[in-house]
Structure formats: C-alpha cells, structure tokens
Amino acid sequence: PASVQAVPVPPAAEPLNYIAAARQGRQAEYGERWGEGAARYFSIEADFLDEDQSIRLMPVPESFFCPISATIMSDPVATVDGCAYERDYIERWFRERRQANQAITSPTTGLPLPSTTLMPLLALQRAIEAYLAHRPELRRDHMAGRSFEEAAQVLQSDLLEKHAMNTNMGDEVRRLRGANKALLRQLRQCEGEKAKLVQQLQQARWQLGIAEEPSFKEIAEGVLPSSSDESTAFTCVEAEPQERSIAGQGEQDLSRLQLQLARSEQARPKSSKITGRAHRQLLSLAAVLAAMAGVLHFSKSDPPGIVHEMGSVKPVELSPLPEPDIPEISSLIGTPMRSNVFPVGHKIPRGRSPELIYYVEQLRSRNREERHQALMSLLATARGGIDMRNAIMQAGAVLPLVELLREMAAPGIQEAAAAALGILCADGEAAQSTLLRAGAVPALVRLLGSDAPVPTRAAASALRNLAANHNQAQLAIAQAGAVAPLIHLLSHSDRQLQAQAASALGNLAGDSSENHFDKQVMIAQAGALTPLVRLLRTTDSAEVREACASALRMLATNNADNQVAVAHAGAIQPLVQLLRDEAPSVREEAAAALGNLVFFNDETNAGNQAAIAEAGAVPHLAALLKDPKAQVTAAGALRNLAAQNVANQEAICRDALQSLVQLVTDGKPKAQVEAAGAIHNLAAGNAKSQQLIVEAGALEPLVALLKEEAPRVREVAAGALWALARDNPELQSAIDRSGA
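Residues numbered from 1 in each chain as written. Predicted model: local features only at pLDDT ≥ 70, side-chain atom pairs only at ≥ 80, totals over all residues. Heavy atoms only, no water.

J.: Tell me about the packing of helix α15 (residues 453-467) against helix α16 (residues 471-479), residues and numbers included.
T.: One way to put it is that α15 packs onto α16 with a least axis distance of 8 Å and a crossing angle of 140°. The angle between the axes of α15 and α16 places the two elements in the oblique class. Along the contact surface, α15 presents L463, L466 and A467, while α16 presents A473, Q474 and I477. Residues that form the contact of α15 with α16 fall into these classes: 5 nonpolar, 1 polar and no charged. (Axes fitted to C-alpha atoms, helices over the stretch in contact; angles between N-to-C directions. Helix = DSSP H or I, 4+ residues; strand = E, 2+ residues; numbered from the N terminus. Parallel < 35°, antiparallel > 145°, perpendicular 65-115°, else oblique. Contact = heavy atoms within 4.5 Å. Nonpolar A, V, L, I, M, F, W, Y, C, P; charged D, E, K, R; others polar.)

J.: Give me the pattern of salt bridges: which residues, what numbers.
T.: Tallying each qualifying case throughout the model produces 15 salt bridges. Between R389 and D427 there is a salt bridge whose closest N-O contact spans 2.6 Å. Residue R389 is found in helix α10 (residues 386-394), and its partner D427 is found in the loop between α12 (411-424) and α13 (429-437); the two are separated by 38 residues along the sequence. The buried category is assigned to R389, whose relative accessible area is 14%. The class of D427 is partly exposed, set by a relative accessible area of 28%. Through salt bridges with shared partners, one network takes in D75, R87 and E91. (Salt bridge = Lys/Arg side-chain N within 4 Å of Asp/Glu carboxyl O. Buried < 20%, exposed > 50% of the residue type's maximum accessible area, 1.4 Å probe, protein only.)

J.: Let's hear about the packing of aromatic side chains: which residues, and what values?
T.: For the coordinates displayed, the defined rule picks out 2 aromatic pairs. Judged by centre distance (5.4 Å) and plane angle (80°), the rings of F64 and Y131 are edge-to-face. Pair noted here: F64 is in the loop between β2 (54-57) and β3 (76-78) and Y131 is in helix α3 (residues 122-134), with a separation of 67 residues, a long-range link. In this structure, F64 and Y131 share a single accessibility class: buried. (Phe/Tyr/Trp six-rings, centres within 6.5 Å; stacked < 30°, edge-to-face > 60°.)

J.: Go over the side chain of N465, please, and point to the residues and values.
T.: Turning to its location among the elements, N465 is positioned in helix α15. Here N465 falls in the buried class, since its relative accessible area comes to 16%. When neighbours within four sequence positions are excluded, N465 is seen to be in contact with G422, C425, A426 and Q432.

J.: So what's going on with the packing of helix α21 (residues 542-556) against helix α24 (residues 584-596)? Residues and values would help.
T.: The contact between α21 and α24 brings their axes to 8 Å, and the two run at 20°. Put simply, α21 runs roughly parallel to α24. The handedness of the crossing between α21 and α24 comes out as left-handed. Here A542, R545, E546, A549, S550, R553 and A556 of α21 come into contact with α24, specifically with S585, V586, E589, A590, A592, A593 and N596. Per-class residue counts for the contact of α21 with α24 are 7 nonpolar, 3 polar and 4 charged. (Left-handed = near helix turned anticlockwise from the far one by under 90°.)

Written out as structure tokens, the structure reads:
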C-alpha cells in the first residue's frame, strides 16, 4: 500500500499572536494618522470673504488630558470602567487608597472599581505622539511641565524619606529615655531596699548582742534604730569637738540609758499596761535628764549674760489615761499647755533631737494610748518657742501628724494632731509651705465636717494659721472647698468655734498689703457677710466680736464691691457700737474695719463715709485717739473719713482736731504718720479747716516732723504742710516764718 506522509500542523498560538499583532499595528497606524489630522485641523473665524479673515488652530483634544493631573498624557491606560488616565497618576491613586485603608474608586466617577487592572491605550498614545510631533510649541511646553513635575516628585520622595527617618529616630530616642527612667527608678528602689536591709540588719545585730551598742558619737551623728519609713530617719550635724569634750561621760551615759529604754519599750509585751506606763515614765524621765544635761553643757559654752530659767522647769506630767477612751484635749487649743519636754531656755542643738525622734516614732504606733501620749509630749514641746517647733519639724513630725488626721475612729487623736499642726505653722512662710507640701490642707478641710466641735475647732484654728499671709496656702484652702463649711460654722453654738471660723475666713481674704480681690468676692458671694454681721449684733463673746470685725475688715480691704456689700448687709451700725466695747482689741478692729469701708486705691466711698458719720462714729473715734492700743487705727479711720468730704471734715475738726495735733506732737511714729495724714485730708481744699488747724497749733509739730529720720514721717508731714499752704497766701507766709 502506498505510505501516508504526515503533514505538520503549526501550533495554534502562532496564528492568534499574528492576528493580535496585526490588529495592534493597524490601531497604532490609525491613531498616528488621526493625530496628524488633528494637528492640522484648523478653523476660520468671521466671514471668509472678509479682508480681516483670521485662521487659528483648534485646541488640544480633551481626550489627550489626564483627569487627575490635567496634563497631556504620555502613557495612557484605561481602567475597567473605560476611563483613560496617565499610568503614573492612576497607579499612585490606587496606592494612596490602599495605604489609607479606603475602597478603590474611580477618580472620574467616584464609583467603586471592581478591579485595578489597567489596559494600555496604544492607539491613543500614538495619536498623542503624532499630534505633539506636528505641534512643536506644545511639545516643548509638555516636556518642560513633565520635567518640572518629575523634579517635584523626586524632591517629595526625598522629603518623605527623610521625614520617615526622623520619625524613626524620634521614636527610638523616646524609647531610650523611657528605658533610662525605668532603670533610674529601679536603681533608686534598689538603693532604698538596700538601706532598709542594712538598717534592719544592724538593729538585729544590736538586739542579739552581736554588735556593740552605738556610742554617743554615733547617736549625735544620727545612727539610731528607726522604722523603715524614710520620713522619720534623722541626720544630725556633728557636734563640735570642743562641745563633745565638755559634754563628758555623764551625758553619754544618759543617752545610752535613753536608747536602752526606747528599745525595751518596743520589745515589751503589750499585755502589761501598768508596767508599760511605768516604763514610759522612766523613758520620759531619762529624756528630761538628758535635756537637763544638755542645758548644763550648753550653759558652759554660752557667753556671759545669758541666764537660763532653771527654776521654772517642770517635768512632763504623765498622768494615767482612763481606759478605754482617750480624753479630749480642748484645753490645749488657745490655752497654756503642760511644760515642754525640754527645759525653758534650753538651746536646741543643730540637727534632729533623739528625744523628739522617739516621739515621732510613737506617732505611728498601733497602740492608741502611745500615739496619744506622744502627741501630748509634742504639743507641750511646741509651746516652748520657735526653736522647739523647728526641732519638731526637723524630726519629721509633719507627715505622721497629717496621717493621724485621717483616723476617723479617734476624735481625740484627730484633735491633738490638728492642734499640733496649727501650732507648728504659726511661725511663718517656711513652716506653712512644709505643711502645704505634706498635704495637710485636704485633711484639715475634711475635719471641718466633724460632728465633734473640738476637732473641728482645732482644724479651723490650723487653717487660720496656715492661711495667714500665705497666698499659695490661701488658694489651696479655697480650692479644697473650705469656704462653705467655715461659713456654716459661724452658725454653730460653740463660741470658740465661731471665732476660729471667722478668723480663718479673714485670713483667707488675704493680707492688707496685697490685692486679693477674687478671693474676697468669692467669700462674700458664698454668703459670709450675713452671719458675720449677725454675730456682731448678738454674740456675748469678745473673741467672736473681734474675729468678725477683723474678717469684715479684710473682706473690705481695697475692694469697692465688698465695701458696698458689707454696708448693705448692715455692718456699719454694729461696728460703730463696737467702738465703745469694753475689750480694747475689739475697739481697734472695729475702727480698722470702718476705715477700710471708705477707702479703695486712693479713691473714697462717699456713701459709706456719710453712713458712718451719720451713725455717730466721729466722736467715738475721737475718744479712741487717747487709747494707746487703738489710737493708730482710729487716726487712720478719721483720715479716710475726711478725704474729699467737707461735712466730715467739719465734724472731725470739731471733735478730734486737738487730739490729732497732740498725736503729731508726742505720739509714736506710726501714730504721727496717721495723724498727719488725717490733718492733710482735713486741710485739702477747705479754707475753714486750714484756719482751724493753724489755730490748734499744728504748724510747729508738723515742721518738727520734717527733721525726723523716718522717710515716711517726713513725707506725710510735708504733704500736710503742702495741703495747708495750697491756695492760701497767709498760711504760706506763716509756714515760711516757722522755718519749714
């Protein structure tokens, strides 16, 4: 049979690729021709037959522009919805949407795209290239724009890269700083734990007898067993060699005895109460003996002329406490207390006292009786003077005292702690700032709401001392919410509590040398004026009357709004009546309050001036000019009443002029200043008063004041003479003849 030859069959892909390539070539050729035709297309404007015929080329077709960049495309592609874009811009669009976790949408329609596939538009690309080849002016502009755009993209990329690097470096720096702070905290904690462990180890060695007991030198340097609380650890300044040599062996033995007693006190069984009391009495006796030894030692080194009042020394009275309640100590607030731990006249050594350290340690005892006894001893010591109080604060007593304020189940301990804090902060800004940092304000304010009057009274007294002339403490107390409870306490039945609350409100209003307008208005708007005025009218306590008059004086100081409010509250008539009070301090405060009601930053309150004069204040103020305690404030009140008020000037000249001249003649410097100021206001613009002042013999003492050393005295005297001589030629001649 004939053989059949196999005919080779070409692969199926070849005809398809050939057809596709041919189709793309035809599209490219069509696009190129279309671009050439579009480039030659033009239009004729106006009439063709017109001589001024104008021919211009048509603008670039809109299909050549990318919708995103608004520039002619060089690599056009189409998205699945059929819109054409420049490849770089549409890819950037997709990338930014993905980075922002947003849906991929069409830049042209805003509708979601089901796919990010891009199809190249070869025909459109050839058409654009052919068009630009026949329009060289557009090609130059297009290439210039592309170059500028590419340069901007490069710069932006560099900027973003540098920004990312900077961010990474900043994060690394912050991480390293955080790690450094954590390491420092751990280091401090480790050092604290090490110090505590070393201290506990030393205590155990002493208790077991492995190590020798501390010498007197170590006691003076502060090497004593103490609790783990760092606030009670003390560091004494080492005594001078000469002082240590003078002290002798007797003082060392007494200190060793006190240390042994303190140690056995901590180790004794809690069940034996009688033995415990006797033991504490022995401990206190040892403390007194050590203190007396210190007195003998320091008296040897004191210069001649210093006398120690040893005859008035009394030991601490350790009377047994009733069981199980702790007695109240209301007598400790505002009244003399028991003798202090140290003798009167004892010089406190530099550093912290071991005796006081022991009492501060006892403040943290779990035994209520021991805490109460330590409080009594510290209170008695605090009454011994500023040196004693400084020693208590150096011993670290403030923080445990603040902690005791929170013991709601022990009102007696709260009362004693508040009383101690009130005494400690009475020595000025440094002590006040210490209590402020220790957090005493919130605890004292909470104690104002106590049901028992005595702890509340102690808290009000402490807040009064804490707020005195200390602006930061005043703000802290007001922000802690003390104003409302203090005003509420003005209606309490306890007279001492009323006085403490009124005094605290007065100190919160600020001292007279500064402007405390906001705090003054806040206290007045909170409703303090009405109860203060009511107490002025109804109370039978001189202490309450004085405190209320003082509070009104502080609230009216340099505050025109409060001056009007105090007058409307009806305070003028009772204040005028207090000018005749039997208590000198009440008369003085009433005069000062009336003087502040009519004066505001060199301006006068004419309404209050008239009301005070009509209430009959001028004769009573004139009588007070002869009172050594109240004459300064009385002269100041008359000075303010006379300012720019002709009627008051005539009344004061009639009732008080002779006494004012007498004060200028032989009064103390402060009284001379106020009296000369009153004469200045009496003479200002009033020819009749000027003549009466000269007839009363005021020229000679005023001229004499010009020779005083105090600048303020000379200044006020010169002002009074100037007021007398102004617009009065006769008095000018008289003053010249007097040698002024």
